[in-house]
Amino acid sequence: MSLTTRRHSDTDRRLLLLVGILVAFASVVALGAATAVWHDPPTSIDDFTTSAAVAVMIALGAIVKAPLRIRSTAFSIAWVETAIVLGLALAPPPQVILAAGVGIACASFLTRLSAIKTAFGIAKHTLVAGGATALILLLGDRWPPRDFWSVIVVLGAVYLVAALLDDLLATPVIALASGNKISRQFRNNLDLRLAGFGVRFVVAACTLLIIRADPRLLLAVPPLVLSLHLAYSARIRGRTEQQAWQRLARTTDALNVVDLDKVLTTAVTQAAELFSADEVEIELRDGDRTVRGGAGGVITYDGPGGEPTAVDGTVVPAPLEGHDRAVDVGVLRLRFRGPVELSERERYTLRTFASALCTAVRNAQAYAELARVAEEHAYAATHDALTGLANRRHLLDQGTEQLSIRHADGVTALVLIDLNHFKEVNDTLGHAAGDQVLVQVAERLRGAAQGDDVVARLGGDEFAVLLRGLPAPAVAAHRAEALIAALHEPFDLDGMRISVEASGGISAAPASGGMPELLRRADVAMYQAKRAGQRISTYAPTRDTADLGRLTLGGELPRAVADHEFTVNFQPIVDLATGEVTSAEALARWHHPRHGVIDPLRFLEAVERSGLLPAFAEAILDQALIAAGSWRDAGFDVPVAVNVSPRSLLDARFPGSVLARLRAHDLPADRLVLELTETLTLSQLDVVDRVLSRLRDEGVRLALDDFGTGYSSLSLLSRIPVHELKIDRSFVSAMESSAEAAAVIRSTLDLGRSLDLTVVAEGVESEPQRRALWELGCAAGQGHLFARPIPAGTLLAALQRGAGGSPGTLAPPLHDAGSVIRLGGRRSNGRGRDRLPHLPA
């Protein structure tokens, strides 16, 4: 049996008990009245007629009433107490008591009331007549009243007793049936009830005075009573409707919540009170959910419904649809134990309530969906999509939060784990297999970690575990050993057993620097372990090879940019055959006021990580273009090459900035070469493609630097529209002693010829290298053989001076003019794509 069913059963039992008590007391009063009539019976026809008239008057007072429905039970406000008081003034009280019981019984029979309502009505009015009779006995000779003031005072006292008894006996029964407290039920419509009592008392007093004065005037009483009754009934209906609309307004306001459970609970409890229903049921189509209950409680079922309802009787359904009826989210059902027919006002209220509930349910469902999507996005923003582990962002957030409370929560440490030779798994078995290995690694690390640890994947094959609340720093090493040991067993990959080794670095929380410094130190320790061939290494400041001076320099970058401390030197690129300068590469230098000239390797990384990269790049580009303009004005149209940071290529505004500087210095776009670092990142981002395509379309030449160092691929060249390739200096320096280096140079030259690309060799240090490269087919080169990086003015002077008195050259030609020579291969002269001079990368 459900909670709601038990509650209704308990209410029914208490109601029967209360009515039974009233019947018992009324039986005692009726027995006393019958005994009195037995000893003093009516002696004339007039006595019998008067008693019968009183019974008829009481029956009419019960029939002519203002109806009131509470749940499936109909109540009414009638004129019975008025008829009883008048009867007591016209007939002996014992006869009136019996007439009250007979009159109510006849009225109940005529209106076909149920047995319990009939019993309650007879008992209540018998007790009302008995209470009024008791007061009459106390009044003695003053009853019945004979003059005007006695009518007002004495009749008023008797009527007051009758009215109070009528209200006090009816209020507990109505409160029990409606589920309200007795005190609250007594206060409901108290002003209307008092006004009704007053009106009915006036009618009773006037009737009695008329009877005393001239019985013929009684003909005017029925129209007066009817008019007063209709007015009173209209007032009750108006008040009831006003209260109903107020409750509807409060109910719809209460539905304005975003939690679906609260919406349904509020709707069930409020609808039970609003429509005086024994049970309310809401069935939602989306999610197949049913909520059932009443004013005192709610039961929720997953599915079309749980156990069958115990409320048998009238069911009033209302579809949960909007005003346009385009959306139907479910159905609302009102259940009543007996036959009930809603009034027109109640039906309209029900439709309005159902529409408001439909809107509330849709809003709550939409909010729940938004909350779910937001939760998914929040999870995705802080977790790795492949493994489900925390990502770098979440690790940094958790670490920063932990470091803020570290003094109260023990030692915090970080273990950084990198898989050794994982690239071989991807290259041999494919990326799908590599992903499976990463997922299994994540599962093992998660299993080996403790509850408070944060396991994260930083990217690629790099993982991290944040250890929190350690009792001592030394414990971190034991925990790290357990994590690495979890990866020792081979991984099962589609039936194959794959062994993957790992290296780990440990770092305890630093005194300053926060989570980024903790991550950096763990990274240093991990690479220390890799270099030493160890599984795990703990960070030691004495072995930290990081140049701590870079941190100091990084703090001085804003001042250096503002004070124009960054300058540019230029290294010329020459035609290997003729020694003629074809272009020049711009190389940045920092003229520090205390440290002197600082090499780019010491400050470029700090610049890229700071927010000063655009300003720095613009300053270097400006100086390079100024130099190219000065050379052109002196008669040497030498293009200039400028290195570009990969981060600049991620900025969609970069092409516009470059083109604006070219226009500012009045230089054609093809006089600028942008050298790109060969990195896979360039080929994986669409924004880079768009940036480079725009620059190339505007005429800016593109060169791929350090080609052949192991980071490039043919797919990279197919996506990046470069004009030139630059052979890395490591291959040039080893070409005379290494067949592999010579083969790389030869294949790069062949690739350049097939793609119509200019090929430039870096690091040319000697004449034999120059001649060997030329014989392999390389047309251009740069290196100390021709010139070290020098200021723009120095380079201009060298161009004007020339080699052997030939302006524009920095080296003598390999052969005299008119000589006949034999070459082992075709020269990569860059023709076919742009037919422009060879430029640096």
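Residues numbered from 1 in each chain as written. Predicted model: local features only at pLDDT ≥ 70, side-chain atom pairs only at ≥ 80, totals over all residues. Heavy atoms only, no water.

**Student:** What's the story with the overall build of the protein in this structure? I'm lost.
**Tutor:** Counting its secondary structure elements, the protein contains 28 helices and 23 strands. Residue burial in the protein is summarised as follows: out of 841 residues, 46% are buried. Sequence separation of at least 24 residues holds for 69% of the intrachain contacts in the protein that already meet a minimum separation of 6. With the model as given, the accessible surface of the protein reaches about 40900 Å², and the carbon-plus-sulfur share is 57%. (Helix = DSSP H or I, 4+ residues; strand = E, 2+ residues; numbered from the N terminus. Buried < 20%, exposed > 50% of the residue type's maximum accessible area, 1.4 Å probe, protein only. Contact = heavy atoms within 4.5 Å. Areas by Shrake-Rupley, 256 points an atom, 1.4 Å probe, with all protein chains shown as cover.)

**Student:** How should the sheet that holds strand E10 (residues 462–470) be read in this particular structure?
**Tutor:** Where strands meet in a sheet, backbone hydrogen bonds hold them as pairs that are either parallel or antiparallel. With mixed pairing, the 5 strands of this open sheet are ordered in space as E9-E10-E8-E13-E14. At either margin of the open sheet sits one strand with a lone partner, and together these are strand E9 (454–459) and strand E14 (536–538). Sheet twist, expressed as the mean angle between neighbouring strand axes with direction ignored, is 20°. With 3 bridges connecting them, strand E13 (residues 502–508) and E14 associate as parallel partners. (Pairing = 2+ DSSP bridges. Axes fitted to C-alpha atoms, helices over the stretch in contact; angles between N-to-C directions.)

**Student:** I tried to follow the packing of aromatic side chains on my own but got confused; where do I start?
**Tutor:** Each aromatic ring pair is specified by the distance between its two centres and by the angle formed by the two planes. Applying the stated criterion across every chain yields a total of 3 aromatic pairs. Between the aromatic rings of Phe566 and Trp590, the centroid separation amounts to 5.1 Å while the plane-to-plane angle is 40°, which identifies the pairing as tilted. Taken together, the positions of Phe566 in strand E15 (residues 566–575) and Trp590 in strand E16 (residues 581–592) put the pair 24 residues apart, joining distant regions of the chain. Between Phe566 and Phe616 the ring centres are 4.9 Å apart and the planes differ by 85°, which places this aromatic pair in the edge-to-face class. A residue pair is termed long-range when its members are at least 10 positions apart, and Phe566 in strand E15 and Phe616 in helix H20 (residues 613–633) qualify at 50 residues. (Phe/Tyr/Trp six-rings, centres within 6.5 Å; stacked < 30°, edge-to-face > 60°.)

**Student:** I'm lost on a nonpolar patch on the surface in this one. Help?
**Tutor:** Together, Leu17, Ile21 and Phe25 make up a nonpolar patch on the protein surface, roughly 320 Å² of accessible area in all. Mapped onto the secondary structure, Phe25 falls in helix H1 (residues 3–39). (Patch = residues over 30% accessible without salt bridge, like charges linked within 9 Å, V, L, I, M, F, W, Y side chains within 5 Å. Salt bridge = Lys/Arg side-chain N within 4 Å of Asp/Glu carboxyl O.)

**Student:** Even after reading the chapter, I still don't get helix H27 (residues 767–776), so can you show me in this structure?
**Tutor:** An α-helix turns once per 3.6 residues; consequently, residues spaced three or four apart project the same way. Among the residues of H27, those classed as buried are Gln769, Arg770, Leu773, Trp774 and Leu776. Around the axis of H27, the buried residues are gathered within 160° of arc, so they sit on the same side. The inward-facing, buried residues of H27 abut E15, helix H25 (729–734), helix H26 (739–754) and strand E22 (758–761). Positioned one or two residues after H27, Gly777 has a phi angle of 110°, which is positive. (Arc of directions from axis to C-beta.)

**Student:** Honestly, the pattern of salt bridges in this entry has me stumped. Any pointers?
**Tutor:** For side chains of opposite charge, pairing can occur when their charged atoms come near one another. If you walk through the whole model with that rule in mind, you get 23 salt bridges. One salt bridge connects Asp637 with Arg671, and the closest N-O pair in it is separated by 3.7 Å. On the criterion of sequence distance, the pair formed by Asp637 in the loop between H20 and strand E18 (640–644) and Arg671 in the loop between helix H21 (654–664) and strand E19 (672–677) is long-range, its members being 34 residues apart. Ionic pairing is found between Arg653 and Asp651, a salt bridge with its closest N-O pair at 3.1 Å.

**Student:** What should I look at first to understand unusual backbone geometry in this one?
**Tutor:** Although it is not a glycine, Asp666 sits at a positive phi angle of roughly 55°. As for its position among the elements, Asp666 is in the loop between H21 and E19. With relative accessibility at 59%, the residue Asp666 sits in the exposed group. Non-glycine residue Asp756 carries a positive phi angle of around 60°. Here Asp756 lies in the loop between H26 and E22. Accessibility expressed as a relative area gives 29% for Asp756, which makes it partly exposed.

**Student:** Would you take a moment to explain helix H10 (residues 260–274) for this structure?
**Tutor:** Helix length check: H10 (15 residues) gives 20 Å between terminal C-alpha atoms against 21 Å at 1.5 Å per residue, within 8%. Every buried residue of H10 is listed here: Leu260, Val263, Leu264, Thr266, Ala267, Val268, Ala271, Ala272 and Leu274. Looking at where H10 begins, the residue whose side-chain oxygen comes 3.2 Å from the main-chain nitrogen of Asp261 is Asp259. Remark: Ser276 follows H10 within two positions and exhibits a positive phi of approximately 50°. (Expected span 1.5 Å × (residues − 1). Polar contact = N/O pair within 3.5 Å; in protein donor to acceptor, adjacent residues only side chain to side chain.)

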